[in-house]
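# Breakdown of the fold
The lines below spell out each chain.
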Amino acid sequence: MSGGRAALDRFRLLAAALVVAIHTSPLAGVSEAADFWLTRVLARIAVPFFMMVSGYFLARRDWAGTGKFLRKTLALYAAAVVLYLPVNFYNGGFSAAGWLRRLLVDGTLYHLWYFPAVLLGVLIARQLARLGMPAALAAAGALYLAGLGGDSWYGVFTRAPALRLLYDGFFSVCPYTRNGLFYAPLFLLLGAAGIRLGRRAALVGTALSLGVMSAEAFWLRALGAQRHDSMYLALPVLMICLFSLLLEENTGEKRKFRAISMLIYLLHPMLIILVRGGAKALGLERLLIADSLIHYAAVLAGSVLCACVLYRLRLLRPRKDARAWRELDCGALRHNAAVLQAALPEGCALMGVVKADAYGHGAAQAARALQGAGVRAFAVACVAEGIALRRVGVRGEILVLGYTPASETPLLRRWKLSQTVADAAHGRALAAAGGPVRIHLGIDTGMHRLGIPAGDYAAISEIYSYKNLRVCGVFSHLCVVDSLAAADVAYTGEQLARFYETVGWLREHGYPTGKVHIQASYGVLNLPGQACGYARVGIALYGVRSSNGPVRSQLDLRPALAVRARITSVRLVAAGDCAGYDRAFRAERPTRVAAVSIGYADGLPRELPKRGGKVLVRGQECALIGRLCMDQALIDVTEVPEAAAGDVVTLIGCDGGAVLRAEDLAAQCGTITNEILSRLGQRLPVVERR
Ligand SMILES: *Cc1c(COP(=O)(O)O)cnc(C)c1O
């Protein structure tokens, strides 16, 4: 996890120590000026630094992790609010209105203002970032300047009576401008900008701007202008230089330091109470409180100790790539969506088919990646799959392709899902269930699975007669469009003719059709140019084909999935000896056999070793041998002498220059790629590659 110098993560610890200093005044016993400089000038870099790292990491992922960041921050804030409730009570508590204001703006204890500030700040910063960085920084800078007048420059700004009125009006509602509106957005965006000045310039800039800020602070203090002391004119410049310097030095990461610095920050007020209380109880006031430096050291040491203990007790989650996993290449998915969308005629939108856990790719991850690529319509097999998508934030149209009992229509409404009408009786039942339902009318044009028969106009008009059923689409499904054999092509032609005839009849009779759609993947590949509203694309979206058979149009699609596991143990099996259940493998030569942490319960076909199944180890092909077990497999690594426990084993996908195609694996096992992929087990965590 580490590797290299984790300058940013190390600096978090220093910043946390500075925050503790703000609240303990370590130099108070030395001199008032020294204490002022340390806690009201130097330590004022700590919070902007924390905000800049947040902005930096959020922007590096194009703000895609904002939701997760906000949820995590909210959870931390909630934990801190609860932790400090006893202190609030001890201090006398607040009125209900005061409590609410503190919860939303100031934080419920003095140091907790950071949380509401960063929450609001991130929302504003992300919104501003859409304007482009220069405009966003200008806007956030203007907000900061406005805030400055309510902070350390208050006395200067409010020489103008109009401004005094304005600020004092503001302060009657909110006690500080150092908050999520005036203060946080600028530092979040400066972090997001990731400005790099080069090492020398950054170093000189840091020293100079710290000097300037110190002068500014002492001057304002002498003027008596400071209402508060968190914001200085030179502070953003200092932060740009300092952050740039840290970026130059930053070549690694230390996640542990992130957690520990946050814990120090959260816990130190508790430690102040404990150290003071403990000192009084033990009669050690002289030692622990009277000397401000020792007091600071005691609080800091206690905070670090508690943070380390809590860190060791944290919930440990298994690494996703510890045993066996699915690796989803989100870039490939986005690429495929763009290629497919470009292949569709004007006005026809891609509907991403993400049923069966997105053909084994991980529905949540795949749908979110597709949404990021502009896909606004999805199809699933059942209501539960549709709900799962909504729960992870998928918007737009979600069509349930399979049958849904009429008793579940409240779920369709609650989650804004569209339902396929499977036949006339299904339509009747949906209409009778009470309450409106969005439907896509299925038309059976020759597959004879679902849909009202094409040309059954009585049944079709009946559907339109129900006020509860809102027809948002009319569609059919082709059953041999993957074949280029003449008879199959003719059958597809008949299906198309029946479909468009029915659509024509609807239009003639003034029935709204909503979006019309008939192509799935092979429809797009073999029948391009259909004037439809949607193309429901599944397998092609994942960059693979159902089989190795020929297709009309060659699109540049890239496989989005790799399946990998690890070697767990390697041993030598003597010639004539055997391995695995049923003694199915018999060594003809001394054979190095490796056990691999994946089995048929993870979705691999049990007959794969028998059918010539291969894996990749260190970029080389190795044979699967013996019987596939439920959770493990055996492979022959005789030709890869370096193979060792812990090595990654690729079952589908690329490793070095070598590749194992899902299509080939399916062909070996006498099935189609769709079956192999959709059967991949939920036990395989999805690792996203962005
Ligand atoms: C599964 C399915 C699709 C997607 O098929 P692909 O061949 O994977 O593109 C489209 N429409 C319906 C009705 C389906 O059931």
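Residues numbered from 1 in each chain as written. Predicted model: local features only at pLDDT ≥ 70, side-chain atom pairs only at ≥ 80, totals over all residues. Heavy atoms only, no water.

## Concerning the packing of aromatic side chains
As a reminder of what qualifies: Each pair of aromatic rings taken from Phe, Tyr and Trp, with Trp reduced to its six-membered ring, is defined by centres within 6.5 Å and is described as stacked if the planes are under 30 degrees apart, edge-to-face if over 60, and tilted in the remaining cases. Throughout this description, the term charge over a ring refers to an Arg CZ or Lys NZ atom that lies within 6 Å of the ring centre and within 35 degrees of the ring normal.
In total, this model carries 25 aromatic pairs according to the counting rule given. A cation over a ring is seen here: Arg227 above Tyr154, with NZ or CZ 5.9 Å from the ring centre. In this structure, Arg414 packs its charged tip against the face of Trp415, placed 4.0 Å from the ring centre.

## Let's talk about the nonpolar core
Threshold: Nonpolar cores were defined as sets of buried Ala, Val, Leu, Ile, Met, Phe, Trp, Tyr and Cys residues, with membership established by side-chain atoms within 4.5 Å. Only protein chains enter the accessibility calculation, which uses a 1.4 Å probe. A residue is then buried if its area is under 20% of the maximum for its type, exposed if over 50%, and partly exposed in between. Each helix is a run of DSSP H or I of at least 4 residues and each strand a run of E of at least 2, with the numbering of both proceeding from the N terminus. What makes two residues a contact is simply this: any of their non-hydrogen atoms within 4.5 Å.
One finds Phe378, Leu389, Leu441, Val474, Ile598, Val617 and Ile635 to be the most contacted residues of the largest nonpolar core, which totals 111 residues. Element by element, the count of residues in this core is highest for helix H17 (residues 330-343), at six residues. Residues within four places of Ile635 in sequence aside, it is in contact with Arg592, Val593, Ala594, Val596, Val615, Val617, Ala623, Leu624, Ile625 and Val649. Membership of the second largest hydrophobic core comes to 89 residues, among which are Ala16, Ile22, Phe49 and Ala184.

## Details of the packing of helix H12 (residues 199-223) against helix H13 (residues 235-249)
Applicable threshold: Simply put, an axis is a line fit to the C-alpha atoms, just over the touching stretch for a helix, and the angle between two N-to-C directions goes from 0 to 180 degrees. When an angle is under 35 degrees it counts as roughly parallel; over 145 it counts as roughly antiparallel; between 65 and 115 it counts as roughly perpendicular; any other value is oblique. Handedness of each helix crossing follows the sense of rotation of the near helix against the far helix: counterclockwise by less than a right angle gives left-handed, clockwise gives right-handed. Amino acids outside the nonpolar list (Ala, Val, Leu, Ile, Met, Phe, Trp, Tyr, Cys, Pro) and the charged list (Asp, Glu, Lys, Arg) are all regarded as polar, and Gly is one of them.
Two numbers describe how H12 lies on H13: the axes approach to 8 Å, and their chain directions differ by 150°. Here H13 runs roughly antiparallel to H12, going by the angle between their axes. Judged by the sense of rotation from one axis to the other, the crossing of H12 with H13 is left-handed. Contacts between H12 and H13 involve Arg199, Ala202, Leu203, Gly205, Thr206, Ser209, Leu210 and Met213 from the former and Leu235, Val237, Leu238, Cys241, Leu242, Ser244, Leu245, Glu248 and Glu249 from the latter. In the contact of H12 with H13, the residues fall into ten nonpolar, four polar and three charged.

## A few points about the site of the ligand
Inclusion rule: To be near a molecule or strand, a residue needs just one of its heavy atoms within 4 Å of it. Definition of a polar contact: a pair of N or O atoms within 3.5 Å, with one able to donate and the other able to accept a hydrogen when the atoms are protein atoms, and with sequence-neighbouring residues admitted only if both atoms are side-chain atoms. Methods summary: accessible areas were calculated by the Shrake-Rupley approach with a probe of 1.4 Å, and residue burial reflects only the protein chains presented.
In the region of the ligand, the neighbouring residues are Val353, Lys355, Tyr359, Leu401, Arg449, His477, Ala520, Ser521, Arg536, Val537, Gly538 and Ile539. Gly538 is positioned such that a nitrogen or oxygen atom in its backbone is 2.7 Å from an oxygen atom of the ligand. At 2.8 Å from an oxygen atom of the ligand is found a main-chain nitrogen or oxygen belonging to Ile539. When the ligand sits alone it has 390 Å² of accessible area, and the protein chains cover 87% of it. Mapped by element, the contributors of at least two residues to the shell around the ligand are helix H18 (355-360) and strand S10 (534-537). Here the residues of the shell around the ligand sort into six nonpolar, three polar and three charged.

## Overview of the environment of Ile289
Turning to its location among the elements, Ile289 is positioned in helix H15 (residues 285-290). Along the backbone, Ile289 and Ile539 are 250 residues apart, and their C-alpha atoms lie at a distance of 69 Å.

## A closer look at the domain arrangement of the chain
This is how the line gets drawn: Residue ranges assigned to the domains are those given by an automatic or database domain assignment.
You can read the domains of the chain as domain 1 (1-27 + 255-316), domain 2 (41-253), domain 3 (324-542) and domain 4 (561-660). For domain 2 and domain 3, the distance between their C-alpha centroids amounts to 48 Å.

## Focus: the pairing of strand S6 (residues 437-444)
Rules: Note on pairing: DSSP must find at least two bridges between two strands before they are called paired. Here is how to tell: hold the view so the strands point away, follow the path from the first strand over the helix to the second, and if it runs clockwise the crossover is right-handed.
Burial within S6 is extensive, with seven of its eight residues counted as buried. The pairing of strand S5 (residues 418-421) with S6 spans four bridges and is parallel. Looking across to S6, one finds that Gln419 is bridged to Ile439. You can see the chain leave S5, run along helix H22 (residues 424-432) and come back into S6, and the turn it takes is right-handed. As defined by bridge partners, S6 adjoins strand S8 (residues 469-475) across six bridges and the pair is classed as parallel. Bridge pairing links Gly442 to Phe475 in S8. In the sheet, S6 pairs with strand S7 (residues 452-453) via two bridges, with the strands oriented parallel.

## Thoughts on unusual backbone geometry
For Ser25, which is not a glycine, the phi torsion comes out positive at approximately 50°. Topologically, Ser25 is positioned in the loop between helix H1 (7-24) and helix H2 (32-41). With a relative accessible area of 19%, Ser25 lands in the buried category. Backbone geometry places Asp357, a non-glycine residue, at a positive phi of 55°. Tracing the chain through its elements places Asp357 in helix H18. When its relative accessible area of 18% is taken as the criterion, Asp357 is described as buried.

## Section: the side chain of Thr66
Here Thr66 lies in helix H4 (residues 66-83). Not counting the four nearest positions on each side in its chain, Thr66 is found in contact with Leu58, Val122 and Arg126.

## Quick notes on the layout of surface pockets
As a reminder of what qualifies: With a 1 Å grid spanning the protein atoms alone, the term cavity applies to any set of points in which a 1.4 Å probe fits but cannot get out, the term pocket to an open set with protein on both sides within 12 Å along at least five of seven lines, and the term lining residue to any residue with an atom within 4 Å of a point. Grid points are joined across faces, edges and corners, and a volume is the space filled by probe spheres set on the points.
By volume, the second largest pocket amounts to about 760 Å³. Lining of the second largest pocket is provided by 37 residues; of these, Lys355, Arg449, His477, Leu478 and Ala520 occupy positions nearest its centre. Looking at the lining of the second largest pocket, the elements with two or more residues in it are H18, S5, S6, helix H25 (521-526) and S10. With three residues, the top contributor of residues to the lining of the second largest pocket is S6. Across the lining of the second largest pocket, the residue classes break down as 19 nonpolar, 13 polar and five charged.

## Comments concerning empty space enclosed by the protein
Enumeration over the complete set of coordinates arrives at one cavity of 30 Å³ or more. A volume near 50 Å³ is recorded for the largest cavity. Around the largest cavity sit Val105, Asp106, Trp113, Cys174, Pro175, Tyr176, Arg178 and Asn179, which together line it. Among the residues making up the lining of the largest cavity, the classes are represented as five nonpolar, one polar and two charged.

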